[in-house]
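# Structural overview for review
Chain residues, written in single-letter form:
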Amino acid sequence: MAKMEVKTSLLDDMIGVGDMVLLEPLNEDSFINNLKKRFDHNEVYTYIGSVVISINPYRPLPIYTPEKVEEYRNRNFYELSPHIFALSDEAYRSLRDQDKDQCILITGESGAGKTEASKLVMSYVAAVCGKGAEVNQVKEQLLQSNPVLEAFGNAKTVRNDNSSRFGKYMDIEFDFKGDPLGGVISNYLLEKSRVVKQPRGERNFHIFYQILSGASEDFLCKCDTCAFFRYSSLMDHSTRVLFSGKCSIFQIIVNAMQIVGFMDHETQSVFEVVAAVLKLGNIEFKPESRVNGLDESKIKDKNELKEICELTGIDQSVLERAFSFRTVEAKQEKVSTTLNVAQSNIFIALCFLKAQTKVRKKVMGVLDIYGVFINLTLPGIEWTHIEYFNNAIICDLIENNQTGILAMLDEECLRPGTVTDDTFLEKLNQVCATHQHFESRMSKCSRFLNDTTLPHSCFRIQHYAGKVMYQVEGFVDKNNDLLYRDLSQAMWKASHSLIKALFPEGNPAKINLKRPPTAGSQFKASVATLMKNLQTKNPNYIRCIKPNDKKAAHIFNDALVCHQIRYLGLLENVRVRRAGYAFRQAYEPCLERYKMLCKQTWPHWRGPARTGVEVLFNELEIPEEEFSFGRSKIFIRNPRTLFKLEDLRKQRLEDLATLIEKIYRGWKCRTRFLLMKKSQIVIAAWFRRYAQQKKYQKIKSSAIIVQSYIRGWKARELLRELKHQKRCNEAATIIAAYWHGTQVRKCNLFFPKLFYIPFSNTSQARRELRRLKEEARNKHAIAVIWAYWLGYKVRREYRKFFRANAGRKIYEFTLQRLMQKYFLEMKNKMPSLSPIDKNWPARPYLFLDSTHKELKRIFHLWRCKKYRDQFTDQQKLIYEEKLEASELFKDKKALYPASVGQPFQGAYLEISKNPKYKKLKDAVDEKIIIAEVVNKINRANGKATSRIFLLTKNNVLLADQKSGNIKSEVPLGDVTKVSMSSQNDGFFAVHLKEGSGAASKGDFLFSSDHLIEMATKLYRTTLSQTKQKLNIEISDEFLVQFRQDKVCVKFIQGSQKNGNVPTCKRKNNRLLEVAVP
């Protein structure tokens, strides 16, 4: 298991108290309330040290799963919450690893769950031991023995549907590896009378009903039994029983017997014997009188006898005579006497079951019976004798060989003459009359003569848990428990092999004339044998408790549980455990659990575990008388010490959790920061790439636009130049044409016949000239208009794609340049890192006003954080107190500005270093928050007396300055208010809760030079301790309670003879004036 694995300890998240040894306070009510609280939360197991208390839940709980078995496997007893698996594991590991024989004693009354507890122990041991085909077969045999035992030994009673009617002790044998080899089962005090008669509302043993309801038709026909026949031994008085149960139960019993080792013919023989006993119950006897006056009995219906004889193979005449006569042999004489009806019926009860035992090996015993206690001591510790009630005096009253009740009963049974129950009671009244625990109305002791609660035919024994009354009717007959020799011989003559084997004493060759032992002597012998067997083993105890008589879930009857607690002696068990040491634990788990409380043992201790525990307890300053060191365990005497350790551990775990959380959060934030930083670098790289690409695209686009504009301008300039040249050429042509025309006309005037003019006249020539000019002008106009249209079209296209976004882009570019210039200038003009420096560069542009203010705020917060990070924890605490003082007194108390520059020291007297205050230091065991000499104002005259004012985590203490004796101690919970004036004085009043012990003399009025610090620390300490804010009242006039009177404290202004020192004076019974300069 890993060292830091989370464990579910007995002390972790426990409901109530898991171990009654740790219960505080210890009394009967708290004991029952703790059991009830755990029972209501489905916690049915509780410890008393190593003893397990088990409360029957009367319903299945999910706490016995294979996962639970693995959870408790190889774990320390106190490591997990209380469980029967923990005790089973402890016993099994002690047997396997330490070669110590173990026994588990399961006690409690009927219906408390003893049988189920024994089955759980066996199932756990079977689950955790070794594997293998042979081992698994043995484990299966051990588990399947329970259904067989319950079928033949359990019955339904008014208290329990599956009540064990015998004491069962099972020895489970193991080899050296811890693997089971087999088991030996012994039974004690089987209730044989139940075969013949059952109390009202109860039933016979389960096997009878299981055979009738589940056996095959062939078997029932062979045994001549019927599932709906009326059997006298199965009747609940006059009620007829219908055997219509589930057939599967009988098949389970058959399968279990096969697994245990019964062969098919052996199983058949056992069921035939059960059927024979069942049919014996139908035989009825009728009384008759002989001639000599003696009573005798006869069988009413011999058909029933005939069927029994056919089933068992006994001669009918032999069995009939055995029922009606008995033979008494004395020396050489034989006397045959008749039996009455009651004596004949005894035979049926004695023919039911006999047990055999085997030689045992090294074993683990499981005892399902009540009343066995074994004392146990552990080495390595000096144990103190504890006074408690010793039940030996009651055992001696019952079992004493000369004067015990059982000895008197045996003597009365053996006495010649008339022997009755009344004569037995008379003998007891003579022998036991003087015994302090024996009570009878017929005894010589006169104090019971008039006790009407005690009938004449009864006697009463006062046990340690209460009084029990016994009715003597039937004591003598039941004690005889005789199986007459005639009956044994008749059974031995049967041809049925099993019946013959059950009665070896019927063999005529082995006749024993010795009187068989009585029931009382058998009881004493079996108990003595059992105790001798148990005392050789290490005991483990399980105390079973029944929560109610209704056999219902979720019901807890306090009175019934209280009665069981008393007679089981559980409170005495707790007191004995606590009178020694309330808690014990091995060194390794103790160190593992509490090592975080000491710096030397946390987180790892390199030395021996015991040394580590010693260092741990010395560091915690636990008194030596509260614990002791054993060989392998630490023993803690008082539960309060353990609870203190648990409280310290819980607080330390919270601190460690906070530390882990802080480290984890820091790691998480650093990891997130590094991831964000890495991501930011990647994003910035990609963004810069993208920005540069966009910038390049913008520059390229701008260059294209500029080129377009330049090319357009050049094209337009060229177009204008070409147009100008064209117009000039045209103008020159026109001028030349006009000039030539003029010259021609001049020649025509002087030489008209030299030239041929094709026109008929001059007017026609002029018209043609005008037409040509007009045509030229139109062509020129069309060319100009087309050129202008092409230019307009190009300009419109350029304006559509470029000129529409040029303004916004120029604005963004300009804004970006201005922001870049602004930030570069800010970098060189940053103020100092002092938080009080209020300088800040001027705003260069109006549109940056909000940005400028936000940058100023962010920079101030950042440099404040940088300044705070330089503080130590002590400085942070001082500044927190200063901040608290500012919130409480700023602009309210005139003395506050003077206190701002004064550091809060707290311990002005240095009590721990000054030997003068050694006595005061020893008296105060808490951390001192403030130690200051104050002036306590006398309630009577207003004069001041010097006192030492101490403030701790929980109290306010006043001590004498000279002697150091504590005069007053006030819990912080009793302080309700602190009053002071608004002026420049050091007076303050501490108001106490009315009715508290500290308020008997009234409130306190003090004067101090460190008023602001004292009031602030008192406010913070009270808030931390009581989770409530202390009321701070600032007023120049307030009321103070002095004993039974309320006095008004009034602050006035005035010049003082003592300079700047305020003075206090009592004016009258109702007024106290404080003059402030």
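Our subject is the structure listed above.
Since the model is a prediction, treat every value here as computed from it, not as a measurement. (Residues numbered from 1 in each chain as written. Predicted model: local features only at pLDDT ≥ 70, side-chain atom pairs only at ≥ 80, totals over all residues. Heavy atoms only, no water.)

Attention now moves to the nonpolar core. In terms of nonpolar packing, the biggest core is built from 89 residues, with Phe31, Leu35, Ile48, Ile542, Ile545, Ile565 and Phe617 touching the most fellow members. The contact partners of Phe617, leaving out residues within four places of it in the chain, are Cys590, Ile622, Phe627, Ile634, Ile636 and Leu645. Judged by nonpolar contacts, the second largest core, of 47 residues, contains Val274, Val277, Leu278 and Cys309. (Core = buried A, V, L, I, M, F, W, Y, C linked by side-chain atoms within 4.5 Å. Buried < 20%, exposed > 50% of the residue type's maximum accessible area, 1.4 Å probe, protein only. Contact = heavy atoms within 4.5 Å.)

On to helix α22 (residues 587–594), then. Burial analysis of α22 places six of its eight residues in the buried class, the great majority of the element. Among all positions of α22, only Tyr587, Cys590, Leu591, Glu592, Arg593 and Tyr594 are buried. (Helix = DSSP H or I, 4+ residues; strand = E, 2+ residues; numbered from the N terminus.)

The alternating pattern of strand β17 (residues 583–586) places Phe583 and Gln585 on one face and Arg584 and Ala586 on the opposite face, and all of these are buried. The pairing of β17 with strand β19 (residues 633–636) spans four bridges and is classified as antiparallel. Residue Gln585 lies in a different strand from β19, and its bridge partner there is Ile634. (Pairing = 2+ DSSP bridges.)

With six of six residues buried, strand β25 (residues 987–992) lies mostly within the body of the structure. Neither face of β25 is left uncovered, since the one carrying Phe987, Ala989 and His991 and the one carrying Phe988, Val990 and Leu992 both have all their residues buried. With five bridges connecting them, strand β24 (residues 975–980) and β25 associate as antiparallel partners. Among the inter-strand pairings, Ser979 is bridged to a residue of β25, identified as Ala989. With antiparallel pairing between neighbouring strands as the criterion, β24 and β25 make up a hairpin whose turn holds six residues. Here four bridges tie β25 to strand β26 (residues 1004–1007), and the two strands are oriented antiparallel to one another. For Phe987, the partnering residue across the bridge sits in β26 and is Ser1007.

Strand order in the open sheet formed by four strands is β28-β29-β31-β30, and the pairing between neighbours is mixed. Here the strands that pair on one side only, and so sit at the sheet edges, are β28 (1037–1042) and β30 (1063–1068). The mean angle between the axes of side-by-side strands here comes to 30 degrees, regardless of whether they run parallel or antiparallel. (Axes fitted to C-alpha atoms, helices over the stretch in contact; angles between N-to-C directions.)

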